[in-house]
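Residue-level structural notes
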Amino acid sequence: MISQSGTKAAKTDTAFDPYADRLREECGVFGIFGHADAAALTALGLHALQHRGQEAAGIVSFDGTRFQSERRLGLVGDAFSEASVIDKLKGMQAIGHVRYSTTGETILRNVQPLFAELHGGGFAVAHNGNLTNGLTLRRNLVRDGAIYQSTSDTEVLLHLVARSRKPQFIERFVEAIRQIEGAYAFVGITNKKLIGARDPLGIRPLVLGELDGAPILTSETCALDIIGAKFIREIENGEVVVISESGIESHKPFPAMPERPCIFEYIYFARPDSIVKGRSIYEHRKAMGAQLAMESPANADVIVPVPDSGVPAALGYAQASGIPFELGIIRNHYVGRTFIEPTQKVRELGVKLKHSANRSVVEGKSIVLVDDSIVRGTTSFKIVKMMREAGAREVHFRISSPPITHPDYYGIDTPDREKLLAATHSLEEMRQFVGADSLAFISVDGLYRAMGHERRDPTRPQFTDHCFTGDYPTSLTDVIGESAKQTISLLAEAG
């Protein structure tokens, strides 16, 4: 059985969102097995993963008899900063999740980890990614009598495991994930095991660590660092790991295939201090900036990053070009995602709630603005305008990713294609739209060179890069099938 608590976040006005023209983060997962402070360590791990999702957080623990759950809307610090909350999450194994809703509304019943009482005991699961046949599977399961409680695609896994007739739990779990498509990193707990799984292409990340002999599964190495845990290895693409008192077992239920991790983990999503394949994300982003400087130089006085995500690339650009790096934009780290009852005039101020110009750096100067991406272009327009109002003589815009021309279906909340600026505008039209004196993006091959490859291999791409190339690595069943027109109905939350 499961005991559950949670409070609904205060109702807010989302008419103005200074973050609306950014790529939305995915989700972060964390799990630990066999540690007396399992819930507290999970909460700390989720703090380190907060950048991957700020809408909700949850933890489920198991104390040997009962599962306990605490799931709340809002930030990790708001939900899990009090000892009384952690004390309720008893047990030596726990999993946690931070969420941005790429599928399903932001309501409490969608907050993970999700739990179900199955034949043989309880099962809680948390998921980073998106299932590209989740709606199709859901439709078929509902047709067969399944009763859904959320709109999250993660719930599909619970139903598939519940319906399997295999004798062992791990066999039922493997049978379930063989039916799903898309990108995923799962962590789950039963009354005896901690389980992790990564999709066959390794689109979403998952790593194995250890603290005081207790194994840990989590999305990024930064979550290990915050608790002083040791990094062991990355979970391989298509691998299922089962952690119990008997040790760690590895299963390979899928045919071997080359790994294709999401390139946006390196460009934008992962924290700069996380390590992937032995190299820091920070160094990758500096290399992207250096490559961008080689491909698209500018005659300028100063390099200015768009904080915070553009900082490493701007440093790389500055070092490669020899042009000084300066903080010409100051970020307000305390602005929330909403603004109470904004008037149209206040709404037009837009980006100034989040960024403000450092006039002493940009006035009278020719500047190079460096950012990691352009999505709709509205924020880029406001930032260029802000630099001109602060006295910049020229504004050259440089982007450390290629133009985003296709939407994502693997866990990144991108707009529809017609709302992506690069999908509907030429480079010159984009330059005019944002108001820059010049505009340039890193090339696709240049991005791959920054990642340590000679170029992109079109026959066997080394990364999942469909946002730039339109080359989707898996079937998109829900996009092209009957489920593309399906609407999920769910009882609305009152209040």
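Our structure is the block above this text.
The residue numbers shown here count from 1 along each chain, following its written sequence. Thresholds applied to this predicted model are a pLDDT of at least 70 for local features of residues and 80 or more for the giving and counting of side-chain atom pairs; totals over whole chains, interfaces and linings are not thresholded and use all residues. For the side-chain quantities, the full set of heavy atoms in the structure was used; hydrogens and water were omitted.

Turning our attention to empty space enclosed by the protein. Within this scheme a cavity is a closed region of a 1 Å grid, computed over the protein atoms alone, that accommodates a 1.4 Å probe without allowing it to escape, whereas a pocket is open but has protein on both sides within 12 Å along at least five of seven lines; lining residues each have an atom within 4 Å of a point. Grid points are joined across faces, edges and corners, and a volume is the space filled by probe spheres set on the points. Per the counting criterion, the structure on display carries three cavities of 30 Å³ or more. Considering only enclosed or pocket space, the largest cavity measures out at about 190 Å³ in volume. For the largest cavity, the lining is made up of 20 residues, of which Arg 198, Pro 205, Ser 219, Glu 234 and Val 276 are closest to its centre. Contributions of two or more residues to the lining of the largest cavity are made by helix H8 (263–269) and strand E15 (275–276). Under the scheme applied here, ten amino acids are nonpolar (Ala, Val, Leu, Ile, Met, Phe, Trp, Tyr, Cys and Pro), four are charged (Asp, Glu, Lys and Arg), and all others, including Gly, are polar. For the lining of the largest cavity, a count of residues per class yields 11 nonpolar, three polar and six charged. To qualify as a helix, a DSSP run of H or I must reach at least 4 residues; to qualify as a strand, a run of E must reach at least 2; elements of each kind are numbered from the N terminus.

With that out of the way, let us pick up the side chain of His 159. Along the chain, His 159 falls in helix H5 (residues 155–163). Burial status follows relative accessibility: with a 1.4 Å probe on protein chains alone, a residue under 20% of its type maximum counts as buried, one over 50% as exposed, and anything between as partly exposed. Among the residues examined, His 159 registers a relative accessible area of 14% and is labelled buried. Excluding residues within four positions of it along the chain, His 159 makes contact with Leu 141, Ala 146, Ile 147 and Tyr 148. For this analysis, residues touch if any pair of their heavy atoms sits within 4.5 Å.

The next thing to look at is the packing of helix H4 (residues 134–143) against H5. What counts as an axis is a line fitted to C-alpha atoms, over the stretch in contact for a helix, and the angles between N-to-C directions run from 0 to 180 degrees. As a packed pair, H4 and H5 sit with axes 10 Å apart at the nearest point and diverge in direction by 50°. It follows that H4 is oblique to H5 by the angle criterion. H4 and H5 meet at a crossing whose hand is left-handed. Each of Gly 134, Leu 137, Arg 138 and Leu 141 in H4 lies in contact with H5, whose residues at this interface are Val 156, His 159, Leu 160 and Arg 163. Considering only residue class, the contact of H4 with H5 consists of four nonpolar, two polar and two charged. An angle below 35 degrees is treated as roughly parallel, one above 145 as roughly antiparallel, one from 65 to 115 as roughly perpendicular, and anything else as oblique. The handedness criterion is simple: a crossing whose near helix is rotated anticlockwise from the far helix by less than a right angle is left-handed, and one whose near helix is rotated clockwise is right-handed.

Further remarks concern the pattern of salt bridges. The salt bridge definition used is simple: a Lys or Arg side-chain nitrogen within 4 Å of an Asp or Glu carboxyl oxygen. Per the stated rule, a full pass over the model turns up 22 salt bridges. With a shortest N-O distance of 2.7 Å, Glu 239 and Arg 233 are connected by a salt bridge. Given a relative accessible area of 1%, Glu 239 falls into the buried group. Given the relative accessible area of 26%, Arg 233 is considered partly exposed. Residue Arg 388 is joined to Asp 437 by a salt bridge in which the shortest nitrogen-to-oxygen separation is 2.9 Å. Of this pair, Arg 388 sits in helix H13 (residues 378–389) while Asp 437 sits in the loop between helix H15 (427–434) and strand E22 (438–441), and the two are 49 residues apart along the sequence. On the basis of relative accessibility, which here comes to 36%, the residue Asp 437 falls in the partly exposed class. Via salt bridges that share partners, Arg 52, Arg 204, Glu 220 and Glu 265 belong to a single interconnected network.

Scope: geometric values only; no functional claims are made or implied.
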